[in-house]
Amino acid sequence: MRLNNPGLLRSQTLINGAWCGEGVSEIHNPATGALLAKVPHGGAEQAKAAVEAARGAQKAWAALSAKQRGAILRRWFDLILAAREDLALIMTSEQGKPLAEARGEIDYAASFIEFYAEEAKRIYGETIPSPWPDARIMVLRQPIGVMAAITPWNFPAAMITRKCAPALAAGCACIIKPAPETPLTALALGELAQRAGFPPGVLNFVTGDAAAIGQVFCAHEAVRFVGFTGSTEVGKLLMRQAASGVKKVGLELGGNAPFIVFDDADLDAAVAGAMLSKYRNMGQTCVCANRLYVQDAVYDAFAEKLAAAVRQLKVGDGTQEGVAQGPLINARALQKVEAHIADALSKGARVLTGGARHELGGTFFQPTVLADVTADMVMAREETFGPVAPLFRFHDEADVIAQANATQYGLASYFYARDLGRVFRVAEALEYGMVCVNSGVLSTEVAPFGGVKQSGLGREGSRHGIEEFLELKYVLLGGLNAPVAAAPPRPEPDAAARAAPVEPAGEAPVAPPQAEPRPSSAPGSEAAEPTPTEPPPARVRLPKAKPMPRLPRVTDVEWPLPPAPEED
């Protein structure tokens, strides 16, 4: 693997700004079997060190202004794009996807950093009208705290940035545990983060034992958010472990995406969309089409067109020109694909193309299309996670909606139709977190990514993604109408000081002014008019502020509320 910048090929973990650990776990190229590097096999000790480093960096990182955090994220984004070719080559070498797809993923991964570098400045608070005249109510949004994430091998760059970019923008320090199959892409991102200027401890990367590291993430008191992309089974385990500390979790779990082709669809467009959705990354994506439902009237025509397109896919090493399908990630993935096909064939399915291992050997598999697939086959219930397109028949809208929703999963769904009424009816009836109409690709940084049912909790991407890492704080400002305290009165001079004023030296004494005698008020005498004097200034008295009344709770009273008692 020849890189323009060899310094990006890191083989140690990044904890508190330092590269550490000895390489133990071997990383191999799934296409060639070549040894790429050895990385540390860390465990609970390394995970605790990373969490403590993040805890130590948390307050200072959160105290930076949103603009300061955004500036560092923007530098990281620029460095990633500048290293696009090297990062794509590292990804293809350790994961197997074609180089063109790897470049696309690097762009996609960088887009989250760019988006949240800007979104950091748009974390707004709120003011709420107060029920009390002398109080105001504010709502602040503050970072939740340290975030720890466990990321998968199928998108080794994008799944990292989609989690840590919003967390970092919100003011949260992060720890990333990449998949054991693809740690090199993650560590290269860590190297670029160092160059971008992230303070030590703000962004840490730990490789090794997933179970031991995940246990620390879920149990350590400093971690306030646990993020995970992977299987539903592991997601449930992490939820149970995180519950002991009442931690917030963000889970992007399994899918079983339906891809529906109605009889009014543009068949050529539907075939193109199916190729993108089903065969991208050799079918190893959580949102790829797993069940293709085609209406009776167009079933045969669609099947023929799809099979013809699939036969044109070139299989090989992802670094070679024109390759569209690389190897599966490992032998277990290959065995699962074979088992699903064998089950379908034993129950009446037909192979239109592919259906077996590729002549290249290793974990290469022929892109496959199966016809006459039915609901009693395993691939109707489970993700195949491989380059196999099973075609199911359906009769009408009600039939296909029932079939599409008959699963515990609810991540992504796709359908092709032209009738506008049908588009709205089906989009609203599908029980999925994402519905893609007349397109085979739906992922973008500006839209909320996530599922319903057992496909996960929370959303990633868009403005909603940063809300996952913020907590609301309610602030009541009371006593705002209380009077300002009056200044203390000036002391009056005593009688002796008034009677004996100090005379200036060298001047004749000046007789003090004599008060005019008050006229007699004896009977028969005429009373003289009194000498007018200025009245003392009237003292302004501010109204006394009324204390905030205690509002009755809903559970304390019966509705309607009784009138408030009059105050004295």
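Residues numbered from 1 in each chain as written. Predicted model: local features only at pLDDT ≥ 70, side-chain atom pairs only at ≥ 80, totals over all residues. Heavy atoms only, no water.

Student: Help me out: how do you make sense of the overall build of the protein in this one?
Tutor: The number of helices and strands found in the protein is 15 helices and 22 strands. Counting every position in the protein, which comprises 568 residues, the buried fraction comes to 48%. When contacts within the protein are restricted to residue pairs at least 6 apart in sequence, long-range pairs at least 24 apart make up 73% of them. When the accessible surface of the protein is totalled, it reaches about 28100 Å², and 56% of it is carbon and sulfur. (Helix = DSSP H or I, 4+ residues; strand = E, 2+ residues; numbered from the N terminus. Buried < 20%, exposed > 50% of the residue type's maximum accessible area, 1.4 Å probe, protein only. Contact = heavy atoms within 4.5 Å. Areas by Shrake-Rupley, 256 points an atom, 1.4 Å probe, with all protein chains shown as cover.)

Student: Sorry if this is basic, but what is going on with the pattern of salt bridges here?
Tutor: Any two side chains of opposite charge can pair, so long as their charged atoms come close to each other. Summed over all chains, the structure comprises 29 salt bridges. For Arg 393, the salt bridge goes to Asp 296, with nearest N and O atoms at 3.8 Å. Pair noted here: Arg 393 is in strand β16 (residues 388–394) and Asp 296 is in the loop between β13 (289–295) and α10 (299–311), with a separation of 97 residues, a long-range link. For the salt bridge of Glu 338 with Arg 357, the shortest nitrogen-to-oxygen distance reads 2.7 Å. One end of the pair, Glu 338, is in helix α11 (residues 331–346); the other, Arg 357, is in the loop between β14 (350–353) and β15 (368–371), and 19 residues separate them in sequence. We classify Glu 338 as partly exposed; its relative accessible area is 27%. (Salt bridge = Lys/Arg side-chain N within 4 Å of Asp/Glu carboxyl O.)

Student: I would appreciate a short explanation of the pairing of strand β6 (residues 136–143) in the present structure.
Tutor: Working note: regular strand, side chains alternate between the two faces of the sheet. Bridge count between strand β5 (residues 126–128) and β6: three bridges; the pairing is antiparallel. The residue bridging Glu 126 from the neighbouring strand is Val 139, located in β6. Inspection of the sheet shows β6 paired to strand β22 (residues 470–477) by eight bridges, in the antiparallel sense. When the bridges of β22 are listed, Arg 136 appears paired with Leu 477. (Pairing = 2+ DSSP bridges.)

Student: What should I look at first to understand the sheet that holds β22 in this one?
Tutor: Within a beta sheet, neighbouring strands are joined by backbone hydrogen bonds and run either parallel or antiparallel to one another. Across the sheet, which stays open at both edges, the three strands sit in the order β5-β6-β22 with antiparallel pairing between neighbours. Where the open sheet ends on each side, the last strands, each with one partner, are β5 and β22. Averaged over neighbouring strand pairs, the angle between their axes works out to 25° when direction is ignored. (Axes fitted to C-alpha atoms, helices over the stretch in contact; angles between N-to-C directions.)

Student: Explanation requested: the packing of aromatic side chains in the structure shown.
Tutor: Remark: the centre distance and the inter-plane angle together describe each pair of aromatic rings, the angle taken between the planes. Applying the stated criterion to the full structure yields eleven aromatic pairs. Look at Phe 225 and Phe 469: their rings are 4.6 Å apart centre to centre, the planes differ by 50°, and that puts the pair in the tilted class. Here the residue Phe 225 occupies a position in strand β10 (residues 223–229), and Phe 469 occupies one in the loop between α14 (462–467) and β22, the gap between them amounting to 244 residues. Comparing Phe 225 with Phe 469 shows no difference in burial state: the two are buried. On the basis of an interplanar angle of 80° and a centroid distance of 5.4 Å, the ring pair of Phe 262 and Phe 394 is categorised as edge-to-face. Pair noted here: Phe 262 is in the loop between β12 (257–261) and α9 (267–279) and Phe 394 is in strand β16, with a separation of 132 residues, a long-range link. Classification of Phe 262 as buried rests on a relative accessible area of 0%. Counting every residue linked through ring pairs, the aromatic cluster contains Trp 61, Trp 76 and Phe 198. The side chain of Arg 162 reaches across the aromatic face of Phe 449, ending 3.9 Å from its centre. For Lys 453, the ring lying beneath its charged end belongs to Tyr 432, and the centroid distance is 5.8 Å. (Phe/Tyr/Trp six-rings, centres within 6.5 Å; stacked < 30°, edge-to-face > 60°. Lys NZ or Arg CZ within 6 Å of the ring centre and 35° of its normal.)

Student: How do you make sense of the side chain of Thr 151 when you look at a structure like this?
Tutor: Along the polypeptide, Thr 151 turns up in the loop between β7 (146–150) and α5 (158–170). Note on Thr 151: relative accessible area 5%, which makes it buried. In contact with Thr 151, other than residues within four places in its own chain, are Met 159, Ile 160, Lys 163, Ile 176, Lys 177, Pro 178, Ala 179 and Thr 229.

Student: Before we go on, may I ask you to explain the packing of helix α2 (residues 66–82) against α5 in this structure?
Tutor: Relative to each other, α2 and α5 sit at 150°, their axes nearing to 9 Å. With respect to each other, α2 and α5 are oriented roughly antiparallel. Here the hand of the crossing between α2 and α5 comes out right-handed. On α5, the residues touching Arg 69, Leu 73 and Trp 76 of α2 are Cys 164, Ala 165, Leu 168, Ala 169 and Ala 170. Here the residues of the contact of α2 with α5 are counted per class, giving seven nonpolar, no polar and one charged. (Parallel < 35°, antiparallel > 145°, perpendicular 65-115°, else oblique. Left-handed = near helix turned anticlockwise from the far one by under 90°. Nonpolar A, V, L, I, M, F, W, Y, C, P; charged D, E, K, R; others polar.)

Student: Help me understand the sheet that holds strand β19 (residues 434–437) in this model?
Tutor: Taken in spatial order, the seven strands make up an open sheet running β14-β15-β16-β13-β12-β18-β19, and their pairing is mixed. For this open sheet the edge positions go to β14 and β19, each flanked by a neighbour on one side alone. Here the strands of the sheet are splayed against their neighbours by 25° on average, with no regard to which way each runs. As judged from the four bridges shared by strand β18 (residues 412–416) and β19, these two strands associate in the parallel manner. Paired with Ser 413 across the two strands is Val 435, which belongs to β19. Strand contacts of α10: β12, β13, β14, β15 and β16, with the helix running at about 175° to β16, the strand carrying the most contacts.

Such coordinate-based values are descriptive only and should not be taken to indicate function.
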